[in-house]
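Observations on chain architecture
Each chain is listed here by its residues.
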Amino acid sequence: MSFVQPAAELGNQYRDDRVLRSYLKRTLAADSLRMIEQDLHWLGEHAAVAWQRELRRSRSEPVHTPWDPTGTRVDRIELTPAWQESRTIAAERGLVAAAYGSPLGDQGRVHQFAMVYLHHVASAIFTCPLAMTDGAATCLTASGNKRLIERALPHYLSRDPATFWISGQWMTETTGGSDVSATETLARADEHGRWRLYGRKWFTSAVHADTALALARPEGAGPGADALALFYLEPRRPDGLWRDIEIHRLKPKLGTRELPSAETQLKGAPAEPVGDLAHGVRSIAPMLNITRCWNAVCAIATMRRGIALARDYANRRVVFGRPLAEQPLHQETLANLQAEFEAAFHLVFYTAERLGQVQAGTAAPAQVPLLRLLTPLVKLWTGKLAVAISSEVLECFGGAGYIEDTGLPALLRDAQVLPIWEGTTNVLSLDTLRALRGGAALDAWQEAQQALLAEAEASPGLAAAVRAVRDDSQWLLQWLQSHAPDSPGLESGARELALGLARCLAASALLRHAAWSLRVEGDPRAAAAARRFVAGGLVRLVEKHGDDARILAHDVA
Ligand code: MFK
């Protein structure tokens, strides 16, 4: 019998996650932590079991059946078993509900996102509709539409799988995903005064959701994005048949294949305005901001899963006479992944704390513009990082990482959506500029950073890293001040500016945690991660040379 390499294994993903456990210990009162630990242990165990199960079965995908045998249009969507299981878990564990009216008060978001973080990879991407459901709950609440709040919120927040509803978010059309100004879907009132939607939605994720929020142009309204209105739909009847909607096909996607995303034709689908018959983008923005936070949580979950597997494998795999884990160059690779992940983790949960406080009304006034800025920052940085880390993780397995039934390629494929949906990196970089307008967000960012670094600077072994963060931040702020608002230079540097703002604040949050962990837990690992993350460089903004970008983009002399 020839040699067989033992595969990487996963243990309970809560028990084994030093970063999450240490963070929760610092952030939550002991009573609060005790209250939620059962959920976390359960989801951590489920993550391990689901991974083993995933390796034994071939991945299934949803199936669309447009017609029944009699020739009736039915557009049945058959969902995968993992997807259906995830729906039950989501309801019973309160993956949406935990953020609303939590016994933990304004720390409900920490509880919720800790659960989402543990569950995401095991969820078959059910986190997508959960993010949209949470976004819909926030959006309807912000709209003040009493009827819709009373109708939908109890379902969105239900912990009973039988009454739990999920929501979709129908914005994207063939005319644009990033720029919705040319939206063609028309809203027309019928003879009974009921609004009906006509048009083609080109990318409807979780198409079978119980409700959807959709952008449409009321008949007679002018062109442009501001004339769009936001509508609420219940796309299917209680018997499961669609209400004047046809499904053209399910999207053949690179990843997230258990998630049924469809091309959808609205043929007079009944809908209800959420608010005014205009300003739809402004009305749906609260939903976008929630889903962007979820995206960031799912990105760090992806990073953590890949690193956990790569680390376990490095201990099992012996080459050139030693386990990979004992080889200096491989150690460097794993250490760099861990340092980036750890910084991202602390920025994401720092944002979750702000979100919980703003939502609960306990935040200081400066936290509102800070959260507005942090939301695109965490989404854009962690989305990109999840892809880079997943790609490196596959390489840590050599050729095995490229083989489908190791389960590893799916990690990379599923990660690739994170920088794309809910706003691409560039769209979110432009949103960062939008958030910075007026100056309040930047002031809040600086204040937040100073407060975090002040907690770290006296800590043994961290002073040099604290100084480096201050220097890098200073350079970033100088660059920003030297570019006038709305100048082309500011726009072309927006991505590196956003990444720099994210990374400097992430370093500060990690340093603060590292100082605490050294002092209280006597644990040097977060400090090691912080030093390495800072040493890797936080800001990559460079002065651009003249017309280089245009010349290279068009490849003209
Ligand atoms: C695993 C986790 C998963 C997540 C779920 C995945 C589900 C996948 C389904 C999808 O992918 S759905 C499609 C997602 N699509 C997007 O995210 C759209 C990306 N494009 C943008 O975000 C554009 O920036 C945008 C459409 C918002 C541009 O629209 P406009 O109308 O040209 O922008 P404008 O005029 O600057 O802003 C209009 C108003 O909205 C302004 O308010 P006022 O009317 O009061 O002046 C803006 O301030 C406000 N606004 C825009 N973005 C905002 C915002 N307000 C708060 N937060 C924001 N992020």
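Residues numbered from 1 in each chain as written. Predicted model: local features only at pLDDT ≥ 70, side-chain atom pairs only at ≥ 80, totals over all residues. Heavy atoms only, no water.

**Comments concerning the overall build of the protein chain**
Counting secondary structure elements, the protein chain contains 17 helices and eleven strands. What you see for the protein chain is a C-alpha radius of gyration of 24 Å, in line with the 24 Å of a compact globule of 557 residues. C-alpha atoms of the protein chain, sized along the principal axes, occupy 75 × 70 × 60 Å. In the protein chain, buried positions account for 55% of the 557 residues. Contacts in the protein chain between residues at least 24 apart in sequence constitute 75% of all its contacts with a sequence separation of at least 6. Just so you have it, the protein chain exposes about 23,500 Å², and 53% of that area is on carbon and sulfur atoms. One way to put it: in the protein chain the 60 positive side-chain charges average out to a point 2 Å from where the 62 negative ones average out. (Helix = DSSP H or I, 4+ residues; strand = E, 2+ residues; numbered from the N terminus. Rg over C-alpha atoms; globule rule 2.2 N^0.38 Å. Buried < 20%, exposed > 50% of the residue type's maximum accessible area, 1.4 Å probe, protein only. Contact = heavy atoms within 4.5 Å. Areas by Shrake-Rupley, 256 points an atom, 1.4 Å probe, with all protein chains shown as cover. Lys, Arg positive; Asp, Glu negative; His and termini not counted. Charge placed at Lys NZ, Arg CZ, Asp CG, Glu CD.)

**A few points about the domain arrangement of the protein chain**
Parsing the protein chain into structural domains produces domain 1 (167–278) and domain 2 (425–553). One C-alpha centre belongs to domain 1, the other to domain 2; they are set 38 Å apart. (Domains from an automatic or database assignment.)

**A closer look at unusual backbone geometry**
The backbone phi angle of Ile-125 is positive, close to 65°, even though this residue is not glycine. For Ile-125, the location among the structural elements is in the loop between α4 (108–119) and α5 (127–143). Its identity as a non-glycine residue notwithstanding, Asp-555 has a phi of 55°, on the positive side. Looking at the secondary structure, you find Asp-555 in the segment after α17 (548–554). According to the relative accessible area criterion, Asp-555 is exposed, its value standing at 70%.

**A word on the pattern of salt bridges**
One pass over the structure, following the stated rule, counts 36 salt bridges. The salt bridge partner of Arg-87 is Asp-210, with a shortest N-O separation of 3.0 Å. Linking Arg-87 in helix α3 (residues 81–93) with Asp-210 in the loop between β5 (195–204) and β6 (211–218), this pair joins segments that are 123 residues apart in sequence. Residue Arg-550 pairs with Asp-547 through a salt bridge whose shortest N-O separation is 3.0 Å. Each member of the salt-bridge network shares a partner with another, and the members are Arg-73, Asp-75, Glu-246 and Lys-267. (Salt bridge = Lys/Arg side-chain N within 4 Å of Asp/Glu carboxyl O.)

**Digging into the packing of helix α13 (residues 463–481) against helix α15 (residues 494–521)**
Contact pair α13 / α15: the axes reach a minimum separation of 10 Å and the direction vectors enclose 155°. Classified by the angle between their axes, α13 and α15 sit roughly antiparallel to one another. Between α13 and α15 lies a crossing whose hand is left-handed. Here Ala-465, Val-466, Val-469, Asp-472, Ser-473, Leu-476, Trp-479 and Leu-480 of α13 come into contact with α15, specifically with Leu-497, Gly-500, Leu-501, Cys-504, Ala-507, Ser-508 and Leu-511. The residue makeup of the contact of α13 with α15, split by class, is eleven nonpolar, three polar and one charged. (Axes fitted to C-alpha atoms, helices over the stretch in contact; angles between N-to-C directions. Parallel < 35°, antiparallel > 145°, perpendicular 65-115°, else oblique. Left-handed = near helix turned anticlockwise from the far one by under 90°. Nonpolar A, V, L, I, M, F, W, Y, C, P; charged D, E, K, R; others polar.)

**Overview of the packing of aromatic side chains**
One pair of aromatic rings is described through two measures. These are the centre distance and the angle between the planes. Under the criterion given, the structure shown has eleven aromatic pairs. Relative to Phe-231, the ring of Trp-195 has its centre 5.8 Å away and its plane inclined at 55°; by these criteria the two rings are tilted. Placement of Trp-195 in strand β5 and of Phe-231 in strand β7 (residues 229–233) is noted, with a sequence separation of 36 residues between them. Each member of the pair, Trp-195 together with Phe-231, is buried. An aromatic cluster of three or more residues is present, and its members are Tyr-23, Tyr-117, Phe-341, Phe-345 and Phe-349. (Phe/Tyr/Trp six-rings, centres within 6.5 Å; stacked < 30°, edge-to-face > 60°.)

**Let's talk about the environment of Trp-421**
Structurally, Trp-421 is set in the loop between α10 (408–415) and α11 (425–436). When sequence neighbours within four positions are dropped, the list of residues in contact with Trp-421 reads Ile-125, Cys-128, Ser-205, Leu-259, Asn-295 and Lys-379.

**Side note on the site of the ligand**
Of all residues adjacent to the ligand, which total 26 residues, the nearest are Ser-178, Arg-282, Asn-289, Arg-292 and Arg-434. Measuring from a nitrogen atom of the ligand, one finds a side-chain N or O atom of Asn-289 at 2.9 Å. Between Asp-431 and the ligand, the recorded distance is 3.5 Å, taken from a side-chain N or O atom to a nitrogen atom. Compared with its free state, where it exposes 1,200 Å², the ligand has 78% of that area covered by protein. Listed by contribution, the elements that provide at least two residues to the shell around the ligand are α5, α7 (280–316) and α11. (Near = heavy atom within 4 Å. Polar contact = N/O pair within 3.5 Å; in protein donor to acceptor, adjacent residues only side chain to side chain.)

**A word on the side chain of Asp-39**
With respect to the helices, strands and loops of the structure, Asp-39 is situated in helix α2 (residues 30–56). Within the structure, the side chain of Asp-39 is placed 3.3 Å from the side chain of Arg-93, a separation counted as a polar contact. At 3.1 Å, the side chain of Asp-39 forms a polar contact with the side chain of His-111. Here Asp-39 is in contact with Arg-93, His-111 and Met-115, once residues within four sequence places are set aside.

**Regarding α15**
Here α15 contains 28 residues, and its C-alpha end-to-end distance of 39 Å stays within 8% of the 40 Å for a straight helix at 1.5 Å per residue. Of all 28 residues in α15, 22 are buried; the element is thus mostly enclosed. At the C-terminal side of α15, Gly-522 shows a positive phi close to 65°. (Expected span 1.5 Å × (residues − 1).)

**Section: the UniProt feature "domain: Acyl-CoA dehydrogenase 11-like C-terminal" (unreviewed entry) in the protein chain**
As annotated by UniProt and renumbered to match this structure, "domain: Acyl-CoA dehydrogenase 11-like C-terminal" (unreviewed entry) occupies residues 441–545. From the first C-alpha to the last, residues 441–545 spans 29 Å; its make-up is 75% helix and 0% strand. (UniProt positions renumbered as here; feature names shortened; annotations may be inferred.)

**Here we look at helix α12 (residues 440–456)**
Its 17 residues give α12 an end-to-end C-alpha distance of 25 Å, which sits within 8% of 24 Å, the value for a rise of 1.5 Å per residue. Burial in α12 covers these residues: Ala-441, Leu-442, Ala-444, Trp-445, Ala-448, Gln-449, Leu-452, Leu-453 and Ala-456. Angular distribution of buried residues about the axis of α12 spans 160°; they occupy a single face of the element. The outward face of α12, more than 90 degrees from its buried face, is lined by the exposed residues Glu-447 and Gln-450. (Arc of directions from axis to C-beta.)

**Examining the nonpolar core**
In summary, soluble globular proteins display a tendency toward joint burial of nonpolar side chains. Ranked by size, the top nonpolar core spans 159 residues in total, and within it Tyr-117, Trp-381, Trp-445, Leu-497 and Leu-511 carry the most contacts. Both domains that meet at this core, namely domain 1 (167–278) and domain 2 (425–553), each give it at least three residues. Non-local contacts of Trp-381, meaning those with residues more than four positions away in its chain, are made with Glu-340, Ala-343, Ala-344, Leu-347, Leu-499, Ala-502, Arg-503, Ala-506 and Phe-533. (Core = buried A, V, L, I, M, F, W, Y, C linked by side-chain atoms within 4.5 Å.)

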